[in-house]
Amino acid sequence: MSSDLGDGTTVVDGHVSTAQSAVASGLGNGKGKHFEEPFKPARKEGTVNFATAVDYLEEERPFFVKIGKDGLIAALEKLNQQLMATGRGNVLSKKKPTDWIGKEVSPGQIGLINHGGLPKILTRPGRYPGMPLRNWWARKWRGTCGLSDTVIEFLGLTAVQVSQNQAAVVSDPQNHVFVVKNSGFVAYAIQGTYTVLSIVDQTHLPTVIKDPITKVTLGWSHEVTMKSRTSSGLKQDYVVALFLNIPANNCAILQKGDDLELLPAGQHYITTPNVTLRGLFTLGENQIEMPTKDIFTRDQVPVSLTIYLKWQLTEPLKLTTHGYNTPYDALRDKTQSILTQIVAHLDYSSMVKQRSLGPDNLDDGSDASSAFLDALRTRAMDDLHLAALEYGIIMKDLAVIDRQFKGDIASTMDKLTTRALQAQVEAANVDRENSNKIKQEEGALAVARIKAQAQNTKADSEAYSIVASAEAQAKKLQIEAEAQAKATRLAAEADAEAIRLRAVADAAVVDQFAREMELRRMEVSRVKAFGPKTVFVPTEGLGAQLGSSMAVGMAAGLGASDAKKG
């Protein structure tokens, strides 16, 4: 690590930058039209070094003390000892504080006193009374300031303390500009002053640097100026320091005379007066659509092409050595030259057949002009790739996405082409309408077919339901009949068994009286069943013959009664 203070140095994030150059290794075979693998050049250290790492404290500088771990008060005490050793007045006041009256100095602060134009510093906290008067008649109280303040300037006494993200740009009494980072100093200028020109926030620089062509952000910068009085008495601003914040995968090129130096990504500042910023570049991929100038075909028809370019810059030193500020400037000239040579061998008729020429628009080789079109795709890419390597650029892709023919012939051909295209469009529209009608009819037929299938399916399901219902009803009746028959059979068997058992029981009765009583009970049951007015005619014995006579008599009586009623 280099020191935190530098005089006329170019420091890269606390260390001195070194010159770097990128060397390309290996070339493509020149046959492909799209280069997928990026170049990974090997970098090597150069012999040019613009920075001279000289610590501002290495040289003997009177009354200049670096603030160390002990802080500001320790540095002030050391500075006071140097002043007293040279017979000069001290800067630390000998006054002792009290706790009851006077000007107050709180802990963490220092008091400032103007003692006849010379600075006096009160470092001990407390109150400082205004008595006795002899101690204050030549002194004036100038207030307090914090021990951790970034900048303290008081009657030639200068104290600077910066944090990790800050950088202080300071001009010494001899107008030498240096930068302080991550530290600080205390100085007393006997002749001249130490002037703090600016405190810079290195991670939030105000000026954005973009590529003018691709609009890619390349980095941020900030210029620190110093006012200087000229012989005419006017004050003018002069740039004394340049701060750069370069993001990852980007770089900057510095120039000193005819020498160039590569500055990698990071936070940088430049104070060397004869070192200038050549430019910032991105090492990532870039793409753009580039219109070309008019190019004449073999039959002298002017054509203007729109080119799609995709590239990656790998060696910015090569590009700047050739005098180009952006990769686009180098590719534009080479692309124009290569396309002019290729299109000069093409006829208008061969180029008008295709609206775009690129890797996705290949011919099968049957067309006579396919060789020229293939040359436009492959030869242009190969030649441009080889030419771009000279500038440290890797070509990734090239395509002709549009062309505009000019002149009378082109106008006539465009009209014919337009008519042909209109006819094709009309034919395509008619075909489309016919196709739509056919698709509509096919759709209607498909709908009718589906409806018929649905109706057939519904009829089948209904018939199946009726058949299943009939089979179920028949099955039900069969089961009911079988059950009723079985029940009847069981009932008959039960009655027969009951009669048999009663017969057996009646046969077992041998007593005459019991039998007679059973007959009477049966007679009572019969009369009870048929009613008391029922006449029972015997069917056996002598009474059996009276049945017919009684029936005839009853019929005659009924006939006589009917006759009387009539």
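Chains are numbered independently. Their residues run from 1 in the order of the written sequence. Only residues with pLDDT of 70 or above have their local features reported here, since the model is predicted, and side-chain atom pairs are shown and tallied only from 80 upward, although totals for entire chains, interfaces and linings are computed over all residues. Each side-chain value is derived from all of the structure's non-hydrogen atoms; neither hydrogens nor water enter the calculation.

Visitor: Help me out: how do you make sense of the sheet that holds strand 8 (residues 109–115) in this one?
Guide: For sheets, the rule is that strands pair by backbone hydrogen bonds, running either parallel or antiparallel. Here, any two strands with at least 2 DSSP bridges between them count as paired. Secondary structure elements follow DSSP: runs of H or I no shorter than four residues count as helices, runs of E no shorter than two count as strands, and numbering proceeds from the N terminus. Pairing in this open sheet of three strands is antiparallel, and the strands run 9-8-11 from one edge to the other. Pairing within the sheet leaves two strands with one partner each, and these edge strands are strand 9 (118–122) and strand 11 (139–146). Strand-to-strand twist of the sheet, defined as the mean angle between neighbouring strand axes without regard to direction, takes the value 25°. Pairing analysis gives five bridges linking strand 8 to strand 9, with the strands arranged antiparallel. In the sheet register, Leu112 faces strand 9, and the bridge partner there is Ile121. A fitted line through C-alpha atoms serves as each axis, taken over the contacting stretch for helices, and the angle formed by two N-to-C directions is quoted from 0 to 180°.

Visitor: Would you explain the packing of aromatic side chains in this entry?
Guide: For any pair of aromatic rings, geometry is given as the distance between the ring centres together with the angle between the planes. Pairing of aromatic rings covers Phe, Tyr and the six-membered ring of Trp, with a centre-to-centre limit of 6.5 Å; geometry is then stacked below 30 degrees between planes, edge-to-face above 60, and tilted otherwise. According to the stated counting rule, one finds seven aromatic pairs in the structure shown. On the numbers, 6.0 Å between centres and 55° between planes, the contact of Phe185 with Tyr194 is tilted. Classification of Tyr194 as buried rests on a relative accessible area of 6%. Measuring from ring centre to ring centre gives 5.4 Å for Tyr324 and Tyr391, while their planes differ by 85°; the resulting arrangement is edge-to-face. Here Tyr324 is found in the loop between helix 2 (316–321) and helix 3 (327–343), whereas its partner Tyr391 is found in the loop between helix 5 (370–389) and strand 28 (393–405), with 67 residues between them in sequence. Tyr391 carries the same exposure label as Tyr324, and that label is buried. One aromatic cluster is present, built from ring pairs that chain together Phe64, Phe178, Phe185 and Tyr194. To sort residues, take the accessible area from a 1.4 Å probe on protein chains only and compare it with the maximum for the residue type: under 20% means buried, over 50% means exposed, and anything in between is partly exposed.

Visitor: Just checking my understanding: could you explain the environment of Leu346 for this structure?
Guide: The topology assignment puts Leu346 in the loop between helix 3 and helix 4 (348–351). Residue classification places Leu346 among the buried positions, given a relative accessible area of 0%. The spacing of Leu346 and Gln300 is 46 residues in sequence and 9.9 Å in space, taken between C-alpha atoms.

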